[in-house]
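# Geometric and topological summary
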Amino acid sequence: MKNEANIQHLIRQWLDEGYHVSVVMPRPIMQHILKKFRFVPSFEFFPHEYLDNVEVWHCPG
């Protein structure tokens, strides 16, 4: 697949297999990739890992 990085292939595979995929605090380059898959940002609280809400990107649906 031309111009498709391994992470894009992996995300596509997970989604095709029916997995719910979420990415916590993605870096800007990862956000760019997630937008291609129509992921949307939200904020969640993980009290055992972080003190504040953190950005989590989810695939809608």
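Please refer to the structure higher up on the page.
Residues numbered from 1 in each chain as written. Predicted model: local features only at pLDDT ≥ 70, side-chain atom pairs only at ≥ 80, totals over all residues. Heavy atoms only, no water.

## Notes on the nonpolar core
For the record, the criterion: Residues enter a nonpolar core if they are buried and are Ala, Val, Leu, Ile, Met, Phe, Trp, Tyr or Cys, with the set joined through side-chain atoms within 4.5 Å. Working definition: with a 1.4 Å probe on protein chains only, accessible area under 20% of the residue-type maximum means buried, over 50% means exposed, and in between means partly exposed. Put simply, DSSP marks the helices as runs of H or I at least four residues long and the strands as runs of E at least two long, and each gets a number from the N terminus on. Whether two residues are in contact is decided by their heavy atoms: any pair within 4.5 Å suffices.
Formed by Ile11, Val21, Val23, Met30, Ile33, Leu34, Phe37, Phe39, Trp57 and Cys59, the largest nonpolar core amounts to 10 residues. The greatest single-element share of this core, amounting to 3 residues, is contributed by helix α2 (residues 28–36). With near-sequence residues (within four places) excluded, Phe39 lies in contact with Ile11, Leu15, Val21, Leu34, Trp57, His58, Cys59 and Pro60.

## A few points about the environment of Ile7
Take Ile7: it is sitting in helix α1 (residues 6–16). Classification of Ile7 by relative accessible area gives partly exposed; the value is 30%. Along the primary structure Ile7 and Leu34 are separated by 27 residues, whereas in three dimensions their C-alpha atoms are 10.0 Å apart. For Ile7, the residues in contact, after removing those within four places along its chain, are Met30 and Ile33.

## Quick word on α2
Operational definition: By construction, the arc corresponds to the directions joining the helix axis to the C-beta atoms.
Considered for burial, the residues of α2 that qualify are Met30, Gln31, Ile33 and Leu34. The buried residues of α2 occupy an angular sector of 160° when the element is viewed end-on, so they sit on one face. Along α2, the residues that are exposed and aim more than 90 degrees away from the buried face are Pro28, Ile29 and Lys35. The elements touched by buried residues of α2 are α1, β1 (22–24) and β3 (54–58). Arg38 sits one or two positions beyond α2 and adopts a positive phi of about 65°.

## Some details on the pairing of β3
Applicable threshold: Should DSSP find at least two bridges between two strands, the strands are taken to pair.
Taken across its 5 residues, β3 has 4 buried, putting it largely inside the fold. One ladder, built from 3 bridges, connects β1 with β3; its direction is antiparallel. The residue of β3 that forms the bridge with Ser22 is His58.

Any link to function would need more than the numbers given here.
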